[in-house]
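# Coordinates in review
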Amino acid sequence: MEKGKGVMGSGRRWAVDFSDNSTAPSSRDIPDPPGFTRASVDQDDSAVSRQKKDAESNWKAQKAWEVAQAPFKNLLMMGFMMWMAGSTVHLFSIGITFSALWQPISALQGVGKVFEPYKDNKVDLLGPKLLFIALNLGGLALGVWKLNTLGLLPTHASDWVSSLPPAQEVEYSGGGIPL
Amino acid sequence: MPITYAFLLFLIFSSLQPILSLYEDQVGLTDWHQQYIGKVKQAVFHTHKTGRKRVVVSTEDNVIATLDLRRGEIFWRHVLGHNDVVDGIVIALGKYVITLSSEGSILRAWNLPDGQMVWESSLHGPKHSKSLLVMTNVVIEKDNVVIIFSNDRLHAVSCIDGEVLWNKDFEVESLEVQKVIQPPGSNFVYVVGFAASSHFEMYQINARNGELLKHESAAFSGGFSGEVSLVSSETLVALDSTGLILLRISFHKGNVSIQQTPISNLVEDSPGPAVIIPSSIMELFAIKINAVTIFIRVTGTGKLEVVEKANHETAVGDALSISEGQQAFGLVQHAGRDIHLTVKLAHDWGGDLLKESIIMDQQRGLIHKVFINNYVRTDGSYGFRALIVMEDHSLLLLQQGTIVWSREDGLASIIDVTTSELPVERAGVSVAKVELNLFEWLKGHMLKLKGTLMLASPEDIAAIQYMRLKSSEKSKMTRDHNGFRKLLIALTRAGKLFALHTGDGRIVWSLLLQSLHKSEACQHPIGLNLCPWQVPHHHALDENPSVLVVGRCGPSSDAPGVISFVDSYTGKELSSSSLVHSVAQVIPLPYTDSTEQRLHLLIDADKHAHLYPKTPEAIGIFRREFSNIYWYSVEDDNGIIKGYALKSKCDGNVADKFCFGTRELWSIVLPSESEKIVATVTRKLNEAVHTQAKLIAADQDVMYKYISRNLLFVATVAPKASGEIGSVTPEESWLVVYLIDTVTGFVLHRVTHHGSQGPVEAVFSENWVVYHYFNLRAHRYEMSVIEIYDQSRADNKDVWKLVVGKHNLTSPISSYSRSEVVTKSQSYFFTHSLKAIAVTSTAKGITSKQLLIGTIGDQVLALDKRFLDPRRSVNPTQAEREEGTIPLTDSLPIIPQSYITHNLRVEGLRGIITVPAELESTTLVFAHGLDLFFTHFAPSRTYDSLTEDFSCALLLITIVVLVAAIFVTWVLSQRKELQDKWR
């Protein structure tokens, strides 16, 4: 602002100060540019500040949506990585899978923190939050799905019965060829 | 939990290609090998001035060996086949060992220094007879001649090339030749024997050409019995058929005369019939009446006179010519703890050439045989050494009043083996003797480190190797963490128990069982069975473990039994008893009492069951489980398998509350004209099974194994085909295999292999059985596998039901309730014929299994069970490959690296025993035959422990260096930061 004024002072022909909220035509002799009406802007000081706030909250909302959508890119990248990792159990695929699981979980834990800067009583954060959570849950699901394709999830009967000891037998019989 | 198992499976599957071979420097680290020869039957000394002094022996296990006389080590050894019994050995020409074997039909000459066979000739004759081998000094065309009487024919064979120079048949029917004698310096031999048990026949035969010079015979109405003793080259002593009259038979110059002397004339109080101890000492012989040995002299005039009556156990050796016309013989007598070795001149009873007294280990029992040999001392007098064979089959060399060496050859004939844990290391029990001090420990680790960093000199490497082999860690007398150190308790045919340490194979203790000792009541005791009796753990740790030895007096099945209990730590016999009943079967029950004694049922020949231990507590436990205990018996000679239940009381009027009657429940009668039982096998009682499910990765399916202890595998062949391989055509030969539930007698599975033949060797583990037989059509051996799955539990597949535990998989199973099984089977060709087959067993049963195959070459080959998987297909899918399924091939591979005996041979291999170690990956393998071999074996590599060559020192040093480096850099960075701030 000061810089702009400095520039103005050093012989600029004209400048429009958008933050100039005065309703009266410009104090200088330069007329307002055509199509620029000062009347459309809120008249009083509170109106000015509200306008300012609105812009900010708009910006915030916009940002919030952006943040909420961020995991989507992540999701795509994860998908690609997973595809690269293949479906056999080895160090790489396990690492990928666990990071795929960990990222959404840590993100979900920090939902409040992520949207903290955009908190505003004007801005409705529910939508972005829900999107964010949904996308992260998607990521989590992708991780779990990967875990399953690796065969590390106990989703089959075999996973549950392999830990069962053999059943006891009621009868006992011994013998053989006489010595 | 399932994830951990998935990880575990992953771990196991990731080690699917185990490297089973070992490096050269790993030989002897965990394995040991001991060579034995068996009970010596005959010994011939070879003590020429030149060359190594040695003794050539033949044994009851058909071994011919030469031993170093200094140390008792084996120079060379040949193990003949089990039907190739050695009848006699002689040394010819000072360089050949000539052996007669296989009932006198095979004569072989071996080169004395290196044991290579020089020649072999086969001798045939009209009928089977006693076999005699006589070395003569007859020379035919520069050939020395051995004369052999075998198969009812007299042969003369050249020593040089084994050519039969002449042979001679005898016309007389039923001639039992007793001796072939060559009088010294003559060119003829006497062949003497009995015909029709009342005629004495004498033939004089020219040794050069086999011409009959003279034939005389004399009748003796009393008949002859038993052995004969030669008292001169033309005089024999025999007994009449009652054993009360001594007969002196002289055939001097071909004139036969028989002189009778009743024994009562010589010995006043002769209580019963006598037995001649066969010998050939000039003018002297010995008879035995009950336990008394009587030496009788035959004077020149033919008079008999008693020279000594020995009340102690006495063994007499053969005569030894020490100088011209002088014969000496050895005599060993027991006297309490000592034995007395006496060498006497044959013609002079009073003059002892040698009299020595030696303290003998009581656990060696009585002396069975003596062989003496003389040597010339530096002062020109005669010295004697004696080779003695003891009751426990051990072989000892006595010289100058001491035992020079001893060999525990009883271990060549192990009947049964069990294992026992060692004592727990306690604070009070000092093992400091074997503990290294800190300096030595450090030194050892520094050496190892040098080895790892490749800085070691050859001497260092040798030192490292020595350290590894002689590690005191492996031969300690306490239990170790991994369960590698155990006692192997072996029962031998001689009735002796040996406890071997698994670390280095040394004998910890040995015990000649009194209960298996020949006595008045028990004339021919034989050991049958060895079972772990008391295996204390948890609450009964103060007690020592003990084993049960079951024996029987005599070979028949109704002979009374004997049992004894032996402490496995100390080797003391805790108690022993002669049983009133016989022992036909020993059945360990799956119940123990409060002192961890296992309940055993001994079934006698009348099918009564006797419960041991005889305590009220045991009977209480037994009564509770009474209705669930069954037993079965396989009568292999008439092809019947019978199952029995127990009755609460003994039949008849036996008032014994530990005796139970039995009633027959079922019987399977195999048609005797088409089937003959050749093999039966069951699962090992103590086998650990980890899971009841078989995972099929291809479709994430699960199959339930049919795991039952009550399954019996029976293999039968056509009676015609029970002989040698190739004796029948494929059309008339078949092999039928049964899987029978022994509680209900239900035949779960039956398979016929047409055109196949025994011998069948089989092994049963978990839910599978692998058996080996000969396929006559393919002219190859085959191995087949049968896996049994339980179909009645197959619908337990709903994950949610399994998660919440709504399934019947752990509920007890009764043999009466189920019957639905499916089997999967497959056959593969296998190159070797085999002697024994076993399977690895591990502590929890998680580790994958390998088959241990005792090959015909007396080695132990490990074969992965996955090769014998019935689900192998030609093109396995990706999932199946991941699971470890091997593509189908028609034959099983023999990978040279997977011989676990590496370059060693376990001669005469009879059995392979596997014992789980505490470490899940490892199983202890003990193979026994004539030789013993022990090793550790990890079927899927040792995935649960660091390898032996892992350098702890290197790891420690790395950590220390890293920590130091971190500290130093931290200090440096602090200082630098401070300087930056001051700037």
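In this numbering scheme, every chain counts its residues from 1 along its sequence in written order. Written order determines the labels here, with chains lettered from A and ligands numbered from 1. The predicted origin of the model limits local features to residues at a pLDDT of at least 70 and limits the giving and counting of side-chain atom pairs to 80 or more, whereas totals for whole chains, interfaces and linings rest on all residues. As a rule here, side-chain values come from all non-hydrogen atoms in the structure, and water together with hydrogens is ignored.

Chain B has the name ER membrane protein complex subunit 1 in an unreviewed UniProt entry, where Hibiscus sabdariffa is given as its organism. UniProt positions are given in the numbering used here, feature names are shortened, and annotations may be inferred rather than shown by experiment. What UniProt states about chain B under its Sequence similarities (unreviewed entry) heading is, verbatim, "Belongs to the EMC1 family." What UniProt states about chain B under its Subunit (unreviewed entry) heading is, verbatim, "Component of the ER membrane protein complex (EMC)."

For chain A, an unreviewed UniProt entry supplies the name ER membrane protein complex subunit 4 and the organism Hibiscus sabdariffa. What UniProt states about chain A under its Subcellular location (unreviewed entry) heading is, verbatim, "Endoplasmic reticulum membrane".

Looking now at the overall build of chain B. What counts as a helix is a DSSP run of H or I of at least four residues, what counts as a strand is a run of E of at least two, and both are numbered from the N terminus. When helices and strands are counted, chain B shows 8 helices and 64 strands. For chain B, whose C-alpha radius of gyration is 34 Å, the value lies close to the compact-globule estimate of 30 Å for 983 residues. Seen along its three principal axes, the alpha-carbon backbone of chain B occupies a region of about 120 × 85 × 60 Å. Here the contacts in chain B between residues at least 6 apart in sequence split such that 51% fall between residues at least 24 apart. Per-residue and other accessible areas follow the Shrake-Rupley method at a 1.4 Å probe size, with only the shown protein chains counted as cover for residues. Here chain B displays about 43700 Å² of accessible surface, and carbon together with sulfur accounts for 54% of that area. In this setup the radius of gyration rests on C-alpha atoms only. A globule is expected at 2.2 Å times the number of residues raised to 0.38. Pairs of residues are marked as contacts when any of their non-hydrogen atoms sit within 4.5 Å.

Helix and strand counts for chain A stand at 6 helices and 1 strand. When its helices and strands are written in sequence order, chain A yields α-α-α-α-α-α-β. Categorising residues by exposure relies on relative accessible area from a 1.4 Å probe, with only protein chains included: less than 20% of the type maximum marks a residue as buried, more than 50% marks it as exposed, and the intermediate range marks it as partly exposed. The burial tally for chain A puts 27% of its 179 residues in the buried class. Per element, the accessible surface of chain A, about 11600 Å² overall, is 61% carbon and sulfur.

Our next topic: helix α3 (residues 438-452) of chain B. All names here are of chain B. Expected span of a helix, by definition, is 1.5 Å for each gap between consecutive residues, and there is one gap fewer than residues. Here α3 contains 15 residues, and its C-alpha end-to-end distance of 21 Å stays within 8% of the 21 Å for a straight helix at 1.5 Å per residue. By the burial criterion, the buried members of α3 are Gly 444, His 445, Leu 447 and Leu 449. Buried residues along α3 sit in contact with α4 (458-469) and α8 (952-982). With its phi angle positive at about 60 degrees, Met 454 sits one or two positions after the end of α3.

Formed by 36 residues in total, the largest nonpolar core has its most connected members in Ile 37, Val 57, Leu 387 and Phe 926 of chain B. Excluding anything up to four places from it in sequence, Val 57 of chain B contacts Ile 37, Val 40, Gln 42, Ala 43, Val 63, Ile 64, Ala 65, Leu 67, Ile 89 and Leu 387 of chain B. To qualify as a nonpolar core, a set must consist of buried Ala, Val, Leu, Ile, Met, Phe, Trp, Tyr and Cys residues joined through side-chain atoms within 4.5 Å.

The next thing to look at is the interface of chain A and chain B. Tallying the contact residues gives 29 residues for chain A and 59 residues for chain B. Joining two parts hides part of their accessible area as seen by a 1.4 Å probe, and the buried area is that hidden amount summed over both. In total, about 3900 Å² of surface goes out of reach between chain A and chain B, with carbon and sulfur atoms giving 62% of it. Area buried by chain A at its contact with chain B is led by Glu 171, Tyr 172 and Leu 179 of chain A, which between them contribute 22% of it. Here, a salt bridge means any side-chain nitrogen of Lys or Arg that lies within 4 Å of a carboxyl oxygen of Asp or Glu. Linking chain A with chain B are 1 salt bridge. Arg 709 of chain B is the partner of Glu 169 of chain A in a salt bridge, and the nearest nitrogen-oxygen pair spans 3.9 Å. Relative to strand β45 (residues 629-635) of chain B, strand β1 (residues 172-176) of chain A runs parallel, the two being bridged by 5 bridges. In the strand pairing of β45 of chain B, Gly 175 of chain A is matched with Tyr 632 of chain B. In this analysis, strands are considered paired if DSSP registers two or more bridges between them.

Residue and element names in this part refer to chain B. Ordered by their spatial adjacency, 4 strands build an open sheet running β38-β39-β40-β41, and the pairing between neighbours is antiparallel. On the outer flanks of this sheet lie β38 (525-534) and β41 (573-582), each paired with one strand and no other. Strand-to-strand twist across the sheet, computed as the mean angle between neighbouring axes with direction ignored, equals 20 degrees. Here 7 bridges tie strand β39 (residues 546-553) to strand β40 (residues 560-567), and the two strands are oriented antiparallel to one another. Looking at the pairing, Val 550 lines up with Ile 563 of β40. To obtain each axis, a line is fitted to C-alpha atoms, and for helices this fit is confined to the stretch in contact; angles are then taken between N-to-C directions over 0 to 180 degrees.

This paragraph deals with the UniProt feature "transmembrane region" (unreviewed entry) in chain A. Taking the UniProt record as the reference, the feature "transmembrane region" (unreviewed entry) is found at residues 80-105 and 125-145 of chain A. End-to-end, the C-alpha atoms of residues 80-105 of chain A are 19 Å apart, and along that stretch the chain is 81% helix and 0% strand.

As a further point, take the pairing of strand β56 (residues 768-775) of chain B. The side chains of a regular strand alternate, first on one face of the sheet and then on the other. All names here are of chain B. Of all the 8 residues making up β56, 8 are buried; the element is thus mostly covered by neighbouring parts of the structure. Where strand β55 (residues 756-765) and β56 come together, 7 bridges link them in antiparallel fashion. Residue pairing for β56: Glu 761 is matched across the bridge by His 772. Connecting the antiparallel pair β55 and β56 is a turn made up of 2 residues, with Glu 766 showing a positive phi of about 45 degrees. In this sheet, strand β57 (residues 780-790) lies alongside β56 in antiparallel orientation, the contact comprising 8 bridges. Along β57, the bridge assignment pairs Phe 774 with Tyr 781. Hairpin remark: β56 followed by β57, antiparallel, with 4 residues in the connecting loop; positive phi at His 779, about 55 degrees.

Our focus in this paragraph is the packing of aromatic side chains. Residue and element names in this part refer to chain B. Each Phe, Tyr or Trp ring (for Trp, its six-membered ring) is paired with any other whose centre lies within 6.5 Å, and the angle between the two planes then decides the class: stacked below 30 degrees, edge-to-face above 60, tilted in between. Counted according to the given criterion, the structure contains 22 aromatic pairs over all chains. A centroid spacing of 5.8 Å and a plane angle of 80 degrees characterise the contact between Phe 622 and Phe 626, whose relative ring orientation is edge-to-face. Exposure remark for Phe 622: the relative accessible area of 0% places this residue in the buried category. Members of the aromatic cluster, connected to one another through ring pairs, are Phe 188, Tyr 190, Phe 194, Phe 200, Phe 220, Phe 224 and Phe 251. Two conditions define a charge sitting above a ring: the NZ of Lys or the CZ of Arg must be within 6 Å of the ring centre, and it must be within 35 degrees of the ring normal. Across from the ring centre of Phe 75, 4.4 Å away, lies the NZ or CZ of Arg 54, which sits over that ring. Positioned above the aromatic ring of Phe 829, the side-chain terminus of Arg 780 is 4.1 Å from the ring centre.

Here the focus is α4 of chain B. Residues and elements named next belong to chain B. Look at α4: 16 Å from first C-alpha to last across 12 residues, which is about the 16 Å you get at 1.5 Å a residue. Among all positions in α4, only Asp 460, Ile 464, Gln 465 and Arg 468 are buried. Axial view of α4: buried residues confined to an arc of 135 degrees, hence all on one face. Exposed positions of α4 whose direction lies more than 90 degrees from the buried face are Pro 458, Glu 459 and Tyr 466. Tucked into the core, α4 has its buried residues touching α3. Throughout, the arc means the angular range of directions from the helix axis out to the C-beta atoms.

Attention now goes to empty space enclosed by the protein. Only protein atoms enter the calculation, which uses a 1 Å grid: trapped sets of points that fit a 1.4 Å probe without letting it out are cavities, open sets showing protein on both sides within 12 Å along at least five of seven lines are pockets, and any residue with an atom within 4 Å of a point is a lining residue. Grid points are joined across faces, edges and corners, and a volume is the space filled by probe spheres set on the points. This model, assessed by the stated rule, comprises 3 cavities of 30 Å³ or more. In this structure, the largest cavity spans a volume of roughly 60 Å³. Forming the walls of the largest cavity are 10 residues, and the residues nearest its centre are Ala 167 of chain A together with Lys 705, Ile 707, Arg 793 and Ile 813 of chain B. Ten residue types, Ala, Val, Leu, Ile, Met, Phe, Trp, Tyr, Cys and Pro, are classed as nonpolar, four, Asp, Glu, Lys and Arg, as charged, and the remainder, Gly among them, as polar. Residues belonging to the lining of the largest cavity are distributed by class as follows: 5 nonpolar, 1 polar and 4 charged.

Before going further, it helps to spend a moment on the pairing of strand β64 (residues 932-937) of chain B. Residues and elements named next belong to chain B. Within β64, 5 of the 6 residues are buried, which leaves it mostly tucked inside the rest of the structure. For strand β1 (residues 32-34) and β64, the ladder comprises 3 bridges, and the chain directions are antiparallel. Paired with His 33 across the strands is Phe 933, a residue of β64. Linking strand β63 (residues 923-928) to β64, which pair antiparallel, is a turn of 3 residues.

Either a parallel or an antiparallel arrangement is found when strands of a sheet pair, and the pairing is made through backbone hydrogen bonds. Taken in spatial order, the 4 strands of this open sheet run β1(A)-β45(B)-β46(B)-β48(B), and their pairing is mixed. In the strand order of this sheet, the two ends are held by β1 of chain A together with β48 (662-669) of chain B, each with one partner. Taken over all neighbouring pairs, the strand axes of this sheet differ in orientation by 20 degrees on average, direction set aside. Here 6 bridges tie β45 of chain B to strand β46 (residues 640-646) of chain B, and the two strands are oriented antiparallel to one another. Along β46 of chain B, the bridge assignment pairs Tyr 632 of chain B with Gly 643 of chain B.

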